[in-house]
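Observations on chain architecture
Each chain is listed here by its residues.
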Amino acid sequence: MYYDLHTHTVWSDGELGPTALVAHAARAGVRVLALTDHDTMDGVDEAAQAARGLGLGFVPGVELSVTWQGLTVHVVGLGVDAGNAVLKRALQGLRAKRLQRGQAIVQALGAADLGDARPILEREGIVSRVHIADWLVTKGHARNRATAFKRFLTRGGVGYVAGEWAGLEEAVDWILKAGGDAVLAHPTRYRLSGGRLQQLVRGFAEAGGGALEVVTAGLDAGEMGRLARLAHRHGLCASVGSDFHKALPWRSLPGGLPDLPEGCRPIWERWSLPSYAQGIP
Ligand code: AMP
Ligand code: MN
Ligand code: MN
Ligand code: MN
(Lines give C-alpha, C1' and ligand atoms only; values in the text may rest on other atoms or scores of the structure.)
(Ligands and ions follow the chains in the order given, each with its own letter.)
Protein backbone atom coordinates (compact mmCIF):
# COMPACT_ATOMS: atom_id res chain seq x y z
CA MET A 1 0.00 0.00 0.00
CA TYR A 2 1.59 3.21 -1.19
CA TYR A 3 -0.66 5.60 0.67
CA ASP A 4 -0.24 6.54 4.32
CA LEU A 5 -2.82 9.14 5.27
CA HIS A 6 -2.42 9.34 9.06
CA THR A 7 0.92 10.29 10.70
CA HIS A 8 2.33 12.45 13.51
CA THR A 9 5.39 14.60 14.23
CA VAL A 10 6.86 16.42 17.24
CA TRP A 11 4.33 19.20 16.60
CA SER A 12 1.89 16.86 18.33
CA ASP A 13 2.83 13.60 20.03
CA GLY A 14 5.12 12.05 17.41
CA GLU A 15 8.82 11.45 17.78
CA LEU A 16 10.19 12.79 14.48
CA GLY A 17 10.25 16.28 13.03
CA PRO A 18 8.45 16.80 9.69
CA THR A 19 11.56 16.43 7.49
CA ALA A 20 12.63 13.24 9.26
CA LEU A 21 9.07 11.85 9.06
CA VAL A 22 8.94 12.41 5.30
CA ALA A 23 12.36 10.83 4.79
CA HIS A 24 11.34 7.87 6.90
CA ALA A 25 8.12 7.43 4.95
CA ALA A 26 9.96 7.62 1.63
CA ARG A 27 12.45 4.97 2.78
CA ALA A 28 9.54 2.77 3.83
CA GLY A 29 8.10 2.94 0.30
CA VAL A 30 5.25 5.36 0.96
CA ARG A 31 4.42 7.38 -2.18
CA VAL A 32 1.64 9.63 -0.91
CA LEU A 33 1.84 10.83 2.67
CA ALA A 34 -0.54 12.87 4.81
CA LEU A 35 0.69 14.61 7.95
CA THR A 36 -2.17 14.66 10.45
CA ASP A 37 -0.91 16.00 13.77
CA HIS A 38 -3.38 16.37 16.64
CA ASP A 39 -5.05 19.82 16.57
CA THR A 40 -2.19 21.58 14.77
CA MET A 41 -0.94 22.08 11.22
CA ASP A 42 2.32 23.74 12.24
CA GLY A 43 4.41 20.92 10.73
CA VAL A 44 2.75 20.93 7.33
CA ASP A 45 4.92 23.52 5.51
CA GLU A 46 8.17 21.80 6.43
CA ALA A 47 6.76 18.38 5.53
CA ALA A 48 5.45 19.64 2.18
CA GLN A 49 8.87 21.02 1.32
CA ALA A 50 10.63 17.81 2.30
CA ALA A 51 8.11 15.80 0.25
CA ARG A 52 8.72 17.98 -2.82
CA GLY A 53 12.43 17.37 -2.44
CA LEU A 54 11.95 13.61 -2.42
CA GLY A 55 9.23 13.42 -5.09
CA LEU A 56 6.63 12.20 -2.63
CA GLY A 57 2.95 13.07 -2.93
CA PHE A 58 1.92 15.13 0.08
CA VAL A 59 -1.49 15.78 1.59
CA PRO A 60 -1.80 18.44 4.30
CA GLY A 61 -3.95 17.17 7.14
CA VAL A 62 -4.92 17.35 10.79
CA GLU A 63 -6.45 15.02 13.39
CA LEU A 64 -9.15 16.81 15.37
CA SER A 65 -10.09 15.91 18.94
CA VAL A 66 -13.86 15.49 19.17
CA THR A 67 -16.23 14.77 22.04
CA TRP A 68 -19.17 12.60 20.97
CA GLN A 69 -21.67 11.51 23.61
CA GLY A 70 -19.09 12.07 26.34
CA LEU A 71 -16.45 10.04 24.53
CA THR A 72 -13.28 11.28 22.78
CA VAL A 73 -13.14 10.34 19.09
CA HIS A 74 -10.78 11.51 16.36
CA VAL A 75 -11.67 12.99 12.99
CA VAL A 76 -8.90 13.37 10.43
CA GLY A 77 -9.09 16.17 7.87
CA LEU A 78 -7.28 15.46 4.59
CA GLY A 79 -6.43 18.06 1.97
CA VAL A 80 -7.35 20.93 4.28
CA ASP A 81 -6.03 24.45 3.73
CA ALA A 82 -3.90 25.39 6.73
CA GLY A 83 -4.51 29.06 5.97
CA ASN A 84 -8.30 28.80 6.19
CA ALA A 85 -9.49 31.32 8.80
CA VAL A 86 -12.28 29.12 10.22
CA LEU A 87 -9.98 26.13 10.66
CA LYS A 88 -7.17 28.26 12.08
CA ARG A 89 -9.44 29.69 14.74
CA ALA A 90 -10.84 26.24 15.53
CA LEU A 91 -7.35 24.78 15.98
CA GLN A 92 -6.38 27.68 18.25
CA GLY A 93 -9.44 26.91 20.36
CA LEU A 94 -8.58 23.21 20.61
CA ARG A 95 -4.99 23.98 21.58
CA ALA A 96 -6.20 26.37 24.29
CA LYS A 97 -8.37 23.55 25.66
CA ARG A 98 -5.38 21.23 25.58
CA LEU A 99 -3.31 23.75 27.52
CA GLN A 100 -6.06 24.14 30.13
CA ARG A 101 -6.38 20.38 30.51
CA GLY A 102 -2.57 20.15 30.73
CA GLN A 103 -2.54 22.73 33.52
CA ALA A 104 -5.22 20.79 35.41
CA ILE A 105 -3.27 17.54 35.05
CA VAL A 106 0.00 19.17 36.17
CA GLN A 107 -1.79 20.58 39.20
CA ALA A 108 -3.32 17.20 40.07
CA LEU A 109 0.06 15.45 39.80
CA GLY A 110 1.64 18.10 42.03
CA ALA A 111 -1.14 17.70 44.59
CA ALA A 112 -0.46 13.94 44.59
CA ASP A 113 3.23 14.63 45.41
CA LEU A 114 4.46 13.33 42.07
CA GLY A 115 6.56 16.42 41.31
CA ASP A 116 6.47 19.56 39.22
CA ALA A 117 5.55 18.86 35.60
CA ARG A 118 5.04 22.51 34.65
CA PRO A 119 7.92 22.59 32.10
CA ILE A 120 5.84 20.33 29.82
CA LEU A 121 3.37 23.17 29.37
CA GLU A 122 6.12 25.29 27.79
CA ARG A 123 6.69 23.03 24.79
CA GLU A 124 6.34 24.53 21.34
CA GLY A 125 4.00 21.90 19.93
CA ILE A 126 0.68 20.82 21.42
CA VAL A 127 0.44 19.53 24.99
CA SER A 128 -0.59 15.88 24.95
CA ARG A 129 -1.01 13.22 27.60
CA VAL A 130 1.87 11.45 25.83
CA HIS A 131 4.27 14.17 27.04
CA ILE A 132 2.96 13.85 30.57
CA ALA A 133 3.23 10.05 30.39
CA ASP A 134 6.85 10.30 29.26
CA TRP A 135 7.57 12.75 32.09
CA LEU A 136 6.08 10.27 34.60
CA VAL A 137 8.40 7.59 33.20
CA THR A 138 11.43 9.91 33.48
CA LYS A 139 10.55 10.60 37.11
CA GLY A 140 10.37 6.89 37.84
CA HIS A 141 6.63 6.84 38.56
CA ALA A 142 5.93 4.38 35.74
CA ARG A 143 7.92 1.76 33.87
CA ASN A 144 6.78 2.83 30.42
CA ARG A 145 4.32 5.03 28.58
CA ALA A 146 1.53 2.46 28.56
CA THR A 147 1.78 1.95 32.33
CA ALA A 148 1.83 5.70 32.91
CA PHE A 149 -1.41 6.05 30.92
CA LYS A 150 -3.03 3.17 32.73
CA ARG A 151 -2.03 4.19 36.26
CA PHE A 152 -2.24 7.97 36.11
CA LEU A 153 -3.80 9.39 32.96
CA THR A 154 -6.97 7.44 32.28
CA ARG A 155 -10.29 7.31 34.15
CA GLY A 156 -9.62 6.55 37.82
CA GLY A 157 -6.01 7.85 37.75
CA VAL A 158 -4.97 10.90 39.84
CA GLY A 159 -3.92 12.73 36.67
CA TYR A 160 -7.09 12.01 34.73
CA VAL A 161 -8.87 15.11 33.54
CA ALA A 162 -11.74 14.65 31.08
CA GLY A 163 -11.28 16.69 27.90
CA GLU A 164 -14.16 18.59 26.34
CA TRP A 165 -13.28 18.94 22.66
CA ALA A 166 -15.08 19.88 19.44
CA GLY A 167 -18.54 18.60 18.52
CA LEU A 168 -18.74 15.99 15.74
CA GLU A 169 -20.76 18.14 13.32
CA GLU A 170 -18.62 21.16 14.14
CA ALA A 171 -15.36 19.32 13.41
CA VAL A 172 -16.59 17.94 10.09
CA ASP A 173 -17.86 21.40 9.16
CA TRP A 174 -14.45 23.01 9.81
CA ILE A 175 -12.78 20.42 7.60
CA LEU A 176 -15.27 20.93 4.76
CA LYS A 177 -14.98 24.72 5.05
CA ALA A 178 -11.19 24.35 4.77
CA GLY A 179 -11.67 22.39 1.53
CA GLY A 180 -10.84 18.94 2.91
CA ASP A 181 -12.33 15.48 3.33
CA ALA A 182 -13.26 14.25 6.81
CA VAL A 183 -12.19 10.74 7.84
CA LEU A 184 -13.36 8.98 10.99
CA ALA A 185 -10.04 7.76 12.45
CA HIS A 186 -9.45 4.22 13.79
CA PRO A 187 -13.17 3.41 14.33
CA THR A 188 -12.51 0.21 16.30
CA ARG A 189 -10.38 1.93 18.93
CA TYR A 190 -13.31 3.54 20.73
CA ARG A 191 -14.48 0.16 22.03
CA LEU A 192 -18.08 0.88 21.08
CA SER A 193 -20.75 -1.79 20.78
CA GLY A 194 -21.88 -2.52 17.22
CA GLY A 195 -24.99 -0.42 17.71
CA ARG A 196 -23.18 2.63 19.06
CA LEU A 197 -20.52 2.46 16.37
CA GLN A 198 -23.35 2.47 13.78
CA GLN A 199 -24.76 5.52 15.54
CA LEU A 200 -21.41 7.31 15.46
CA VAL A 201 -20.85 6.49 11.79
CA ARG A 202 -24.39 7.58 10.89
CA GLY A 203 -23.89 10.90 12.69
CA PHE A 204 -20.52 11.34 10.99
CA ALA A 205 -21.95 10.61 7.53
CA GLU A 206 -24.94 12.91 8.10
CA ALA A 207 -22.58 15.70 9.16
CA GLY A 208 -20.81 15.42 5.79
CA GLY A 209 -18.03 12.99 6.71
CA GLY A 210 -16.31 11.44 3.69
CA ALA A 211 -14.57 8.23 4.75
CA LEU A 212 -13.85 5.65 7.41
CA GLU A 213 -10.27 4.67 8.17
CA VAL A 214 -10.71 1.06 7.10
CA VAL A 215 -7.05 0.07 7.11
CA THR A 216 -4.99 1.08 10.13
CA ALA A 217 -2.36 -0.57 12.31
CA GLY A 218 -3.35 -3.61 14.32
CA LEU A 219 -6.57 -4.66 12.57
CA ASP A 220 -7.15 -8.20 11.32
CA ALA A 221 -8.83 -9.04 8.03
CA GLY A 222 -12.18 -9.64 9.73
CA GLU A 223 -12.18 -6.21 11.36
CA MET A 224 -11.19 -4.48 8.12
CA GLY A 225 -13.95 -6.33 6.29
CA ARG A 226 -16.51 -5.17 8.85
CA LEU A 227 -15.32 -1.56 8.54
CA ALA A 228 -15.45 -1.81 4.74
CA ARG A 229 -19.09 -2.96 4.93
CA LEU A 230 -19.90 -0.25 7.47
CA ALA A 231 -18.43 2.42 5.16
CA HIS A 232 -20.37 1.04 2.21
CA ARG A 233 -23.65 0.98 4.15
CA HIS A 234 -23.29 4.67 4.99
CA GLY A 235 -22.09 5.75 1.55
CA LEU A 236 -18.58 6.51 2.79
CA CYS A 237 -15.19 6.10 1.12
CA ALA A 238 -12.27 4.31 2.77
CA SER A 239 -8.90 5.60 3.97
CA VAL A 240 -5.59 4.05 4.98
CA GLY A 241 -3.28 5.28 7.72
CA SER A 242 -0.61 3.84 9.97
CA ASP A 243 -1.18 6.43 12.77
CA PHE A 244 2.60 6.49 12.92
CA HIS A 245 4.06 8.19 16.03
CA LYS A 246 7.47 6.62 16.56
CA ALA A 247 10.31 5.14 14.54
CA LEU A 248 9.91 1.41 14.76
CA PRO A 249 7.71 -0.16 14.03
CA TRP A 250 6.80 1.72 10.86
CA ARG A 251 3.75 -0.28 9.98
CA SER A 252 3.14 1.18 6.59
CA LEU A 253 6.09 -0.45 4.91
CA PRO A 254 4.87 -1.50 1.47
CA GLY A 255 3.02 -4.66 2.34
CA GLY A 256 3.16 -3.66 6.00
CA LEU A 257 -0.27 -2.12 5.90
CA PRO A 258 -2.56 -4.26 3.80
CA ASP A 259 -4.51 -3.04 0.76
CA LEU A 260 -8.06 -1.84 1.19
CA PRO A 261 -10.55 -4.72 1.17
CA GLU A 262 -12.44 -5.43 -2.07
CA GLY A 263 -15.27 -3.08 -2.86
CA CYS A 264 -13.94 -0.05 -0.97
CA ARG A 265 -13.93 3.32 -2.68
CA PRO A 266 -10.55 4.88 -1.82
CA ILE A 267 -10.79 8.46 -0.60
CA TRP A 268 -7.94 9.49 -2.94
CA GLU A 269 -10.07 8.78 -6.00
CA ARG A 270 -11.68 12.12 -5.18
CA TRP A 271 -8.41 14.00 -5.42
CA SER A 272 -6.36 15.28 -8.27
CA LEU A 273 -2.89 14.94 -6.85
CA PRO A 274 -0.04 17.16 -8.01
CA SER A 275 1.74 16.06 -11.18
CA TYR A 276 4.61 14.39 -9.32
CA ALA A 277 2.12 12.05 -7.65
CA GLN A 278 0.14 11.17 -10.77
CA GLY A 279 0.26 7.64 -11.99
CA ILE A 280 0.94 6.24 -8.54
CA PRO A 281 -1.27 3.20 -7.99
P1 AMP B 1 -4.41 13.26 24.19
O2 AMP B 1 -4.89 13.55 22.79
O3 AMP B 1 -3.50 14.29 24.72
O4 AMP B 1 -5.52 12.91 25.13
O5 AMP B 1 -3.50 11.96 24.09
C6 AMP B 1 -3.94 10.87 23.33
C7 AMP B 1 -2.76 10.25 22.61
O8 AMP B 1 -2.05 9.44 23.51
C9 AMP B 1 -3.20 9.32 21.49
O10 AMP B 1 -3.23 10.03 20.27
C11 AMP B 1 -2.14 8.26 21.47
O12 AMP B 1 -1.07 8.69 20.64
C13 AMP B 1 -1.63 8.23 22.90
N14 AMP B 1 -2.19 7.16 23.75
C15 AMP B 1 -3.47 7.03 24.13
N16 AMP B 1 -3.61 5.98 24.96
C17 AMP B 1 -2.38 5.45 25.13
C18 AMP B 1 -1.85 4.35 25.85
N19 AMP B 1 -2.64 3.58 26.60
N20 AMP B 1 -0.53 4.11 25.78
C21 AMP B 1 0.26 4.88 25.02
N22 AMP B 1 -0.17 5.92 24.30
C23 AMP B 1 -1.47 6.21 24.34
MN1 MN C 1 -1.39 10.47 19.24
MN1 MN D 1 -6.16 9.13 16.99
MN1 MN E 1 -3.33 9.73 15.14
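Overview of the structure. If you're wondering where the values come from, they're calculated on a predicted model, not measured in any experiment.

Definitions and limits used
Residues numbered from 1 in each chain as written. Chains lettered and ligands numbered in written order. Predicted model: local features only at pLDDT ≥ 70, side-chain atom pairs only at ≥ 80, totals over all residues. Heavy atoms only, no water. Helix = DSSP H or I, 4+ residues; strand = E, 2+ residues; numbered from the N terminus. Polar contact = N/O pair within 3.5 Å; in protein donor to acceptor, adjacent residues only side chain to side chain. Contact = heavy atoms within 4.5 Å. Near = heavy atom within 4 Å. Areas by Shrake-Rupley, 256 points an atom, 1.4 Å probe, with all protein chains shown as cover. Nonpolar A, V, L, I, M, F, W, Y, C, P; charged D, E, K, R; others polar. Donors = N, O, S within 2.8 Å, 3.2 Å for Na, K, Ca; no water. Buried < 20%, exposed > 50% of the residue type's maximum accessible area, 1.4 Å probe, protein only. Salt bridge = Lys/Arg side-chain N within 4 Å of Asp/Glu carboxyl O. Core = buried A, V, L, I, M, F, W, Y, C linked by side-chain atoms within 4.5 Å. Arc of directions from axis to C-beta.

As for its position among the elements, glutamate 63 is in strand 3 (residues 57-68). A distance of 3.0 Å separates the side chain of glutamate 63 from the side chain of histidine 6, its partner in a polar contact. When residues no more than four places from it in sequence are discounted, the contact partners of glutamate 63 are His6, His8, Thr36, Asp37, His38, Asp39, His74, Val75, Val76, Ala185, His186 and Asp243.

Let us now look at the site of ligand 1. As a matter of local geometry, ligand 1 sits amid Asp13, His38, Arg98, Arg101, Ser128, Arg129, Val130, Ala146, Phe149 and His245. One of the side-chain nitrogen or oxygen atoms of aspartate 13 is found 3.0 Å away from an oxygen atom of ligand 1. Arginine 101 places a polar side-chain atom, nitrogen or oxygen, 2.6 Å from an oxygen atom of ligand 1. Relative to its unbound accessible surface of 500 Å², ligand 1 loses 71% to contact with the protein. Counting residues per element, the ones that place at least two in the shell around ligand 1 are helix 3 (85-111), helix 4 (129-138) and helix 5 (145-153). Of the residues belonging to the shell around ligand 1, the class tally is 3 nonpolar, 3 polar and 4 charged.

So, about the coordination of the manganese ion (ligand 4). Donor atoms from the polypeptide that bind the manganese ion (ligand 4) are His6 (NE2), His8 (NE2), Glu63 (OE) and Asp243 (OD), placed at 2.1 to 2.2 Å. Between the donor residues of the manganese ion (ligand 4), the gaps in sequence give the motif H-x1-H-x54-E-x179-D. Between the manganese ion (ligand 4) and the manganese ion (ligand 2) there is a metal-metal distance of 4.6 Å. With glutamate 63 in strand 3 and aspartate 243 in the segment after strand 7 (237-241), this pair connects stretches of sequence that are 180 residues apart. Side by side, glutamate 63 and aspartate 243 carry an identical accessibility label, which is buried.

Per the counting criterion, the structure on display carries 7 salt bridges. Glutamate 15 is the partner of lysine 246 in a salt bridge, and the nearest nitrogen-oxygen pair spans 3.5 Å. One end of the pair, lysine 246, is in the segment after strand 7; the other, glutamate 15, is in the loop between strand 1 (3-4) and helix 1 (18-27), and 231 residues separate them in sequence. The exposure class of lysine 246 is partly exposed, given its relative accessible area of 38%. Exposure remark for glutamate 15: the relative accessible area of 43% places this residue in the partly exposed category. Here aspartate 134 makes a salt bridge to arginine 145, at a shortest N to O gap of 2.8 Å. Placement of the pair is aspartate 134 in helix 4 and arginine 145 in helix 5, with a sequence separation of 11 residues. When its relative accessible area of 29% is taken as the criterion, aspartate 134 is described as partly exposed.

Across soluble globular proteins, you tend to see nonpolar side chains buried next to one another. In this structure, Leu5, Leu78, Leu200 and Val214 are the most contacted members of the largest nonpolar core, which totals 73 residues. Not counting chain neighbours up to four residues away, the residues in contact with leucine 78 comprise Leu5, Ala34, Thr36, Val59, Pro60, Gly180, Asp181, Val183, Ser239, Ile267 and Trp271. Leu114, Ala117, Ala148 and Leu153 belong to the second largest nonpolar core, which has 18 residues in total.

To continue, consider helix 1. Among the residues making up helix 1, those that are buried are Pro18, Leu21, Val22, His24 and Ala25. Along helix 1, the residues classed as buried sweep out an arc of 160° about the axis, all on the same side. Those residues of helix 1 that are buried lie in contact with strand 2 (32-35) and helix 2 (44-54). Glycine 29 sits one or two residues past helix 1 and shows a positive phi near 95°.

Function-wise, these values are silent; they only describe arrangement.
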